[in-house]
Amino acid sequence: MIIDDDFRVEPADWHADNAGLRFVRTDVFINEQQIPEDEEWDALDAQSIHVIARDNNNQPIATGRLTPDHKIGRMAVIKAWRGKHVGDAIMRALVQRAQQMGYPTVELSAQSYAIPFYAKLGFVAYGDEYLDCNIPHRMMRMELTAAEAPYKPVARLLETPVPRLITVDSRAEAQACVVELLSLAHRELCIYTRDLDAELFDTEAALEQFRRIGVAGRGASVRIVVQQAGAALRDGHRLIPLAQRLTSVFQFRTPESEEDRHYPSAFLLTDRRSYYFRVLGSRYEGEAHTYFPGRHAQLQETFNQVWERCVSSEELRHLYL
């Protein structure tokens, strides 16, 4: 019997969740099944919809993907969690996403020994058996219809936010936008800012969401690139004492290169593929979206590259003492 709280299944992004996705697939396919590493990773990874299962310690335990050509693949469950319906939850989550996107069918290349597992979920085998990485496979297909009952997973599946574009033109709209996006975040935030934007991030509503994320448990992470750390300290920003109490969650860095120090824009990213981007970080006008994986991935890549070039701020170093 499966207890719902044993694990959760949630949407994953190839860039933001790369470490977890690679951990599971490396363990199952490369280490266990001896599939060559150069055959495991392909260009479809960055183009596909991914889901990931995590246990209550936020450790990745299973993955799967849905490719643009309507194929489910790379479905893997680490050995300790097999037989506990994690694979069922991964598959049903991917099928649900295919239905939401209006796909008429989904297909998969099943390892022959796993055909009964997929058949129980509604897939039908077709064609001859063939070898893939020296492992016998057969193709399987499932017909999808809009009339099918909605999927109810055996474990918690975080719902994808309703996609909505938000145009920001004023301080009040910016403040409301920030609070909305922070409330969508599950465990992770990335912020690129000039001086911590007190009027956006030092409000009661925003700080309440920062506190919620800060105590979300293992895996919680708030990474902030601050171009002018001294200004935030002088202004007595209330996010700083909160970060002092949660130093394992909050990390601050400042840019070293001239390019990063003078980057004109600012943005907020959440782990639910939401973003708020301002072309000029000194102004509130900008564009936000509650769920836009493509644009989110672009900004996440920018942030990650800058983060690696940044250093811990001397002015904020006391946060870690």
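Structure first, text after, so check above.
On a predicted model such as this, the values are computed, not experimentally measured, just so you know.

### Remarks on the sheet that holds strand β14 (residues 275-278)
With mixed pairing, the eight strands of this open sheet are ordered in space as β9-β15-β14-β13-β10-β11-β12-β16. Each edge of the sheet is formed by a strand with only one pairing partner; in this case those strands are β9 (165-168) and β16 (311-312). Relative to strand β13 (residues 266-270), strand β10 (residues 188-193) is paired through four bridges, and the arrangement is antiparallel. Counted as the bridge partner of Leu189 is Thr270 from β13. Each of β9, β10, β13, β14 and β15 (286-289) is contacted by helix α5 (residues 171-184), which is oriented at about 150 degrees to β9, the strand it contacts most.

### Observations concerning the environment of Asp197
Mapped onto the secondary structure, Asp197 falls in the loop between β10 and α6 (198-201). Between the alpha carbons of Asp197 and Tyr284 there is a distance of 9.9 Å; along the sequence they are 87 residues apart. Residues in contact with Asp197, not counting those within four places in the same chain, are Asp202, His237, Arg278 and Gly281. Only 2.9 Å separates the side chain of Asp197 from the side chain of Arg278, close enough to count as a polar contact.

### A look at the nonpolar core
Formed by 39 residues in total, the largest nonpolar core has its most connected members in Ile72, Val106, Tyr118 and Phe123. Sort the elements by how many residues they give to this core and helix α3 (residues 86-100) lands first, with eight residues. With residues up to four places along the chain from it excluded, the contact list for Phe123 reads Ile72, Met91, Val95, Val106, Leu108, Tyr118, Met140, Arg141 and Met142. In terms of nonpolar packing, the next biggest core, distinct from the first, is built from 33 residues, Val168, Leu181, Ala229 and Ala288 among them.

### Section: the packing of aromatic side chains
This model, assessed by the stated rule, comprises 13 aromatic pairs. With a centroid separation of 5.0 Å and an interplanar angle of 70 degrees, the aromatic rings of Phe117 and Tyr118 are classed as edge-to-face. The class of Phe117 is partly exposed, set by a relative accessible area of 23%. Look at Tyr118 and you get buried, because its relative accessible area is 9%. A ring pair is formed by Tyr263 and Phe267, whose centres lie 6.5 Å apart and whose planes are at 90 degrees; its orientation type is edge-to-face. Judged by its relative accessible area of 23%, Tyr263 is partly exposed. Relative accessible area serves as the criterion here: at 2%, Phe267 is assigned to the buried category. Put simply, the rings of Tyr192, Tyr263, Phe267, Phe277, Phe303 and Trp307 pair up and form one aromatic cluster. Just above the ring of Trp307 sits the side chain of Arg223; from NZ or CZ to the centre is 5.3 Å.

Rules and cut-offs
Residues numbered from 1 in each chain as written. Predicted model: local features only at pLDDT ≥ 70, side-chain atom pairs only at ≥ 80, totals over all residues. Heavy atoms only, no water. Pairing = 2+ DSSP bridges. Helix = DSSP H or I, 4+ residues; strand = E, 2+ residues; numbered from the N terminus. Contact = heavy atoms within 4.5 Å. Axes fitted to C-alpha atoms, helices over the stretch in contact; angles between N-to-C directions. Polar contact = N/O pair within 3.5 Å; in protein donor to acceptor, adjacent residues only side chain to side chain. Core = buried A, V, L, I, M, F, W, Y, C linked by side-chain atoms within 4.5 Å. Buried < 20%, exposed > 50% of the residue type's maximum accessible area, 1.4 Å probe, protein only. Phe/Tyr/Trp six-rings, centres within 6.5 Å; stacked < 30°, edge-to-face > 60°. Lys NZ or Arg CZ within 6 Å of the ring centre and 35° of its normal.

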